[in-house]
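Observations on the model geometry
Here's the letter readout for the chains.
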Amino acid sequence: MSQSEGRAGRAVVAGASLSWCGTTSTGRVRPLNEDALLAEPPVFAVADGMGGHDAGEVASALTVERLRALAMGDDVTMESVEAELQEVNSLLRDASPDPDEAMGTTGVGLVVLTGGATPSWLVFNVGDSRAYCLDDEGLHQLSRDHSYVQDLVEAGRLSREGADRHPHRHVITRALGIGPVVEVDYWVRPVRPGERYLLCSDGLPGEVDEDEIRALLRDRPTPEAAASALVERAVDAGGRDNVTAVVVDVTDVAGWDDTTTAERGHGAPHERTVRRPPPPAPPAEGSGC
Ligand code: MG
């Protein structure tokens, strides 16, 4: 197993005190780690590359490097994230001279938006990497998988349990680098003290069920301990795919008013889902195994 050192840090971003750690492993089967992670506040992201001849590694690395440059620039907005992801999509397409050798990547991320009176999270997703939030009500998957089996589940043709064992569970329906325009899902939600976020590649839920993910996130006191425990558990459980976890804790938010917690709850009116019109997107063979 080849496991990177955890990339940990802490910072105050727009009044939000954050601490984080990202960890990744090649796992036990794959020769290369085609996952990449970014922990560069205000941007946190995971990308899971795919494509022949090491192209997946290139695609995921390019994606996080472009997002890193965005993070180190001026104010990051939904519009600048969207523009950057469309640019990444074009770069990856241009870098694949043979459509049969196309390289692509998933991309899931968390961005602190600073435009309001209090900071907000922008969550974005393309593909089947995931964003979760753990709060005192439990573990919530914030992102929606863009996958063949997710479509079957939502159509009522497959159970959630059946999806986990389906032979085509790794076929994804959206990715960066595949179509002329990429459709990205976005959600906006407040930055709340006490919440813990997880970004992960499919190598984690592919090996560890959500009850155990919740328990590991809940029981580990620091992002470093939680990220390490999640990745180690996935590798111990089989490690059939690359596995990556980025854990971000919100330890405090300046000026946070507890009375606003009356509004809390997933799907509350202040949590906006922003969807762009869907362009045609051919299915892509999955983010790995
Ligand atoms: Mg994967």
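Please read all numbers here as calculations on a predicted model, not as lab measurements.

A word on the pattern of salt bridges
Summed over the entire model, instances satisfying the criterion amount to 18 salt bridges. A salt bridge links Arg130 to Glu210; the nearest nitrogen and oxygen atoms lie 3.5 Å apart. Pair noted here: Arg130 is in strand E8 (residues 130–135) and Glu210 is in helix H5 (residues 210–219), with a separation of 80 residues, a long-range link. Between Glu212 and Arg233 there is a salt bridge whose closest N-O contact spans 2.5 Å.

What to know about the pairing of strand E1 (residues 7–13)
By the bridge criterion, 7 bridges tie E1 to strand E2 (residues 16–25) in an arrangement that is antiparallel. Each bridged residue has a counterpart across the sheet, and for Ala11 the counterpart in E2 is Leu18. Hairpin connection from E1 to E2: 2 residues lie between these consecutive antiparallel strands, with Ala14 at a positive phi of about 55°.

What to know about the environment of Arg214
For Arg214, the position within the fold is in helix H5. Considered as a pair, Arg214 and Leu134 are 80 residues apart in the sequence and their alpha carbons are 7.4 Å apart. Filtering out sequence-adjacent residues up to four positions away, Arg214 remains in contact with Leu134, Gly138 and Leu139.

Some details on the packing of H5 against helix H6 (residues 223–236)
Here H5 crosses H6 at 150°, and the two axes come no closer than 8 Å. Relative to H6, the element H5 is oriented roughly antiparallel. At the point where H5 passes H6, the crossing takes the right-handed sense. Where H5 abuts H6, its residues Glu212, Ile213, Leu216 and Leu217 lie against Ala226, Ala229, Leu230 and Arg233. When grouped by side-chain class, the residues that make up the contact of H5 with H6 number 6 nonpolar, no polar and 2 charged.

Description of the nonpolar core
If you look at the biggest cluster of nonpolar residues, it comprises 28 residues, and the most contacted ones within it are Leu67, Val81, Leu85, Val111, Leu122, Phe124 and Tyr186. Those elements that provide at least two residues to this core are strand E3 (35–40), strand E4 (43–50), helix H1 (55–71), helix H2 (78–94), strand E6 (107–113), strand E7 (120–126) and strand E10 (185–190). Per element, the largest residue contribution to this core is 6 residues, and it comes from H1. Residues Val46, Val112, Val123 and Val248 belong to the second largest nonpolar core, which totals 24 residues.

Overview of the packing of aromatic side chains
Evaluated as defined, the whole model comprises 2 aromatic pairs. On the basis of an interplanar angle of 55° and a centroid distance of 5.1 Å, the ring pair of Trp121 and Tyr197 is categorised as tilted. Here Tyr197 lies in strand E11 (residues 196–200) and Trp121 lies in strand E7, a separation of 76 residues in the sequence.

Reading the values: the criteria
- Within any chain, residue numbers begin from 1 and follow the written order of that chain's sequence.
- Reporting of local features is limited, given that this is a predicted model, to residues whose pLDDT is at least 70; pairs of side-chain atoms are given and counted only at 80 or more, and all residues count toward the totals for whole chains, interfaces and linings.
- To get the side-chain values, take all heavy atoms of the structure and skip hydrogens and water.
- We define a salt bridge as a contact between a side-chain nitrogen of Lys or Arg and a carboxyl oxygen of Asp or Glu at a distance within 4 Å.
- To qualify as a helix, a DSSP run of H or I must reach at least 4 residues; to qualify as a strand, a run of E must reach at least 2; elements of each kind are numbered from the N terminus.
- By the convention used here, strands pair only if DSSP detects at least 2 bridges between them.
- What makes two residues a contact is simply this: any of their non-hydrogen atoms within 4.5 Å.
- Every axis corresponds to a line fitted to the C-alpha atoms, with the helix fit spanning only the stretch in contact, and the corresponding angles, defined between N-to-C directions, vary from 0 to 180 degrees.
- Oblique is the label for any angle not covered by the other classes, which are roughly parallel (under 35 degrees), roughly antiparallel (over 145) and roughly perpendicular (65 to 115).
- We call a crossing left-handed when the near helix sits turned anticlockwise from the far one by less than a right angle, and right-handed when that turn is clockwise.
- Residue polarity is assigned by list, with Asp, Glu, Lys and Arg as charged and Ala, Val, Leu, Ile, Met, Phe, Trp, Tyr, Cys and Pro as nonpolar; anything else, Gly included, falls into the polar class.
- Only buried Ala, Val, Leu, Ile, Met, Phe, Trp, Tyr and Cys residues count toward a nonpolar core, and they belong to the same one when joined by side-chain atoms within 4.5 Å.
- The cut-offs for exposure are 20% and 50% of the maximum accessible area for each residue type, with area from a 1.4 Å probe on protein chains only; residues under the lower value are buried, those over the upper are exposed, and the others partly exposed.
- Here is the rule: rings of Phe, Tyr and Trp (six-membered ring for Trp) pair when centre to centre is within 6.5 Å. Planes less than 30 degrees apart are stacked, more than 60 are edge-to-face, and the remainder are tilted.

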